[in-house]
Amino acid sequence: MRKNVVLVLDFGGQYNQLIVRRIRDMGVYSELIPYSTEVEKILSFSPSGIVLTGGPNSVFSKESLIMDPRILDLGIPVLGICYGAQLIAHLKGGEVKHAPTKEYGKCPMRALPSPLFKGIPEKSTVWMSHTDYVAVPPDGYAVIADTDTCPVAAFEDAVHTVYGVQFHPEVVHTEYGNQILRNFLYEICRAEGNWNMSNFIGDMVDRIRAKVGDRKVLLAMSGGVDSAVAATLMHKAIGKNLKCVLVDHGLMRKGEADEVVAVFRDGLGMNLEKIDASERFLKKLEGVTDPESKRKIIGAEFIRVFEDYGKTLGKVGFLAQGTIYPDVIESGFGKAALIKSHHNVGGLPGVIDFDEIIEPLRDLFKDEVRKVGLELGLDKKIVMRQPFPGPGLAVRVLGAVTREKLEILREADAIMREEIAFNGLDGDIWQYFAVLTDMRSVGVMGDMRTYDYTVALRAVNSVDAMSADWARIPYEVLAKISTRIVNEVNGVNRVVYDITSKPPATIEWE
Ligand code: XMP
């Protein structure tokens, strides 16, 4: 199955992951690899096609990213997009020019007959985002589309199957973008459309069995989607030889740890052990108010709990992790400024004596992981779970964390979740939760003065958590949540709704 792959060479464009996702959605396996990948490595994939992405550079700049030009002569179909197209023109002796202003937005295009444009009308709309443009295609290349501003909006060398487009077919604003990518995959690369999640599961189960044999695998479950799906897939492959462990740090949401045990151990019959380490974590967190310190303490304590646990196990064959494709891309490409030190249960190798790591989901995007989960029969409730921070409720209790505050937050959060679900909004809002602020204020209840905590409600919509907009929850729903929290949760007399987006705020409060 892996033979049928289209490689996407990453030149740093903002839509690069999107290109890979579009290709996969069309049934062809695709991977993003650095633009500098050696030709030998590329050939080792036996790719059906290669896409060169857009990027922020200009072919004229000193820092311009240039791949090995032999890639254009391998006899493997190539599609250059935006910067990728300019690069092909530049490397093959065409003429690239610098425009005085950037062209950005929708633009009418005229297309000529070409396999790339099969089934597309002569006139259509495309999405442009560029400054440089191809003025003259290289010798042997034909112009196959133009716009008012781009004399060479697309070009081809049909003999060597090398194509370039100045516009972005992967963006929804390009009217026939999907058809153009589909044409590249199926008309030009002649790829086989065999990438789907049930093939993936079958293939992965075989590969896990072949690799693991009858050795044992240890997997740390967090209650999140990725580790849950990884565990279910591993369990399907090797059954009782998979041992799962859930560290209950006492910072989970109401009923969460028990739910994981009920679903995976009692329901699916997995070999799952829950370690109750809440005392340890709470003790370490005593009096700690700084958010970063809290995160670091929890991350370090996780490792220590595992160290202690590892000592009881002896040598383990494999450590399985729920790493997914965006984690792989992010750790391999680029570095973002540290806003918060994230930690996941995944980052534990080293503390357990094991031979190898196994990451069955490392090629999948989040939506593919969810599809795998559903195909494996996991409940929608688990598969569609919202993200939950590794440090748990510790970063939603502002200031020092205590058992009492955690209890207040758990109850308030459960009410919010109940009401959102009851009003049918749970599928519409990307992430929602309650935060216990460190602020107390005066209220009045039953003619008595109160001096209690303020709970903040947080609900956001986002695609990738990098940016987020606060969710417009109907007032009646907010009113019901507020009334219920104040009436049902001791210690709270005020509820506020967070109406800041990210940036400038972050999704979590700490
Ligand atoms: P922020 O607060 O940085 O959160 O806007 C972005 C997304 O990441 C989640 N989050 C975490 N996830 N480990 C995780 O796996 C962490 O330490 C962590 N901290 C925040 C957060 O819930 C949101 O979805």
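Residues numbered from 1 in each chain as written. Predicted model: local features only at pLDDT ≥ 70, side-chain atom pairs only at ≥ 80, totals over all residues. Heavy atoms only, no water.

### Some points on the packing of aromatic side chains
Inspection of every chain in the model, using the stated rule, returns ten aromatic pairs. Between Trp-195 and Phe-200 the ring centres are 5.9 Å apart and the planes differ by 75°, which places this aromatic pair in the edge-to-face class. Considering the side-chain rings of Tyr-325 and Phe-365, the 5.3 Å spacing of their centres and the 85° angle between planes classify their relative orientation as edge-to-face. Of this pair, Tyr-325 sits in helix α10 (residues 325–332) while Phe-365 sits in the loop between β14 (354–358) and α11 (366–375), and the two are 40 residues apart along the sequence. Taken individually, Tyr-325 and Phe-365 each receive the classification buried, so the pair is uniform in this respect. (Phe/Tyr/Trp six-rings, centres within 6.5 Å; stacked < 30°, edge-to-face > 60°. Helix = DSSP H or I, 4+ residues; strand = E, 2+ residues; numbered from the N terminus. Buried < 20%, exposed > 50% of the residue type's maximum accessible area, 1.4 Å probe, protein only.)

### A few points about the sheet that holds strand β10 (residues 217–221)
Read from one edge of the open sheet, five strands run β12-β11-β10-β13-β14, paired in parallel fashion. Every interior strand has two partners, whereas the edge strands, β12 (271–276) and β14, have only one. Neighbouring strand axes in the sheet, compared pairwise and without regard to direction, differ in orientation by 25° on average. Two elements, β10 and strand β13 (residues 316–320), share three bridges in a ladder whose sense is parallel. In the sheet register, Leu-218 faces β13, and the bridge partner there is Leu-319. Helix α5 (residues 197–212) rests against β10, β13 and β14 of the sheet, and its axis sits at about 170° to β14. (Pairing = 2+ DSSP bridges. Axes fitted to C-alpha atoms, helices over the stretch in contact; angles between N-to-C directions. Contact = heavy atoms within 4.5 Å.)

### So, the domain arrangement of the protein
With domains assigned, the protein is organised as domain 1 (5–188), domain 2 (197–383) and domain 3 (396–497). The C-alpha-based centres of domain 2 and domain 3 are spaced at 28 Å. On the side of domain 3, twelve residues touch domain 2, which itself brings twelve residues to the contact. With both sides pooled, the region where domain 2 packs onto domain 3 buries about 1,100 Å², and carbon together with sulfur makes up 50% of that total. The largest per-residue losses of area from domain 2 upon contact with domain 3 belong to Arg-253, Lys-254 and Leu-282, which jointly make up 48% of the total buried on that side. Across the pair Lys-254 and Glu-411 runs a salt bridge whose closest N-O atoms are separated by 3.2 Å. A total of three residues in the side of domain 2 that touches domain 3 trace back to one element, the largest contributor, which is helix α8 (residues 278–285). Taken together, the residues of the side of domain 2 that touches domain 3 break down into four nonpolar, four polar and four charged. (Domains from an automatic or database assignment. Buried area = accessible area lost by both parts, 1.4 Å probe. Salt bridge = Lys/Arg side-chain N within 4 Å of Asp/Glu carboxyl O. Nonpolar A, V, L, I, M, F, W, Y, C, P; charged D, E, K, R; others polar.)

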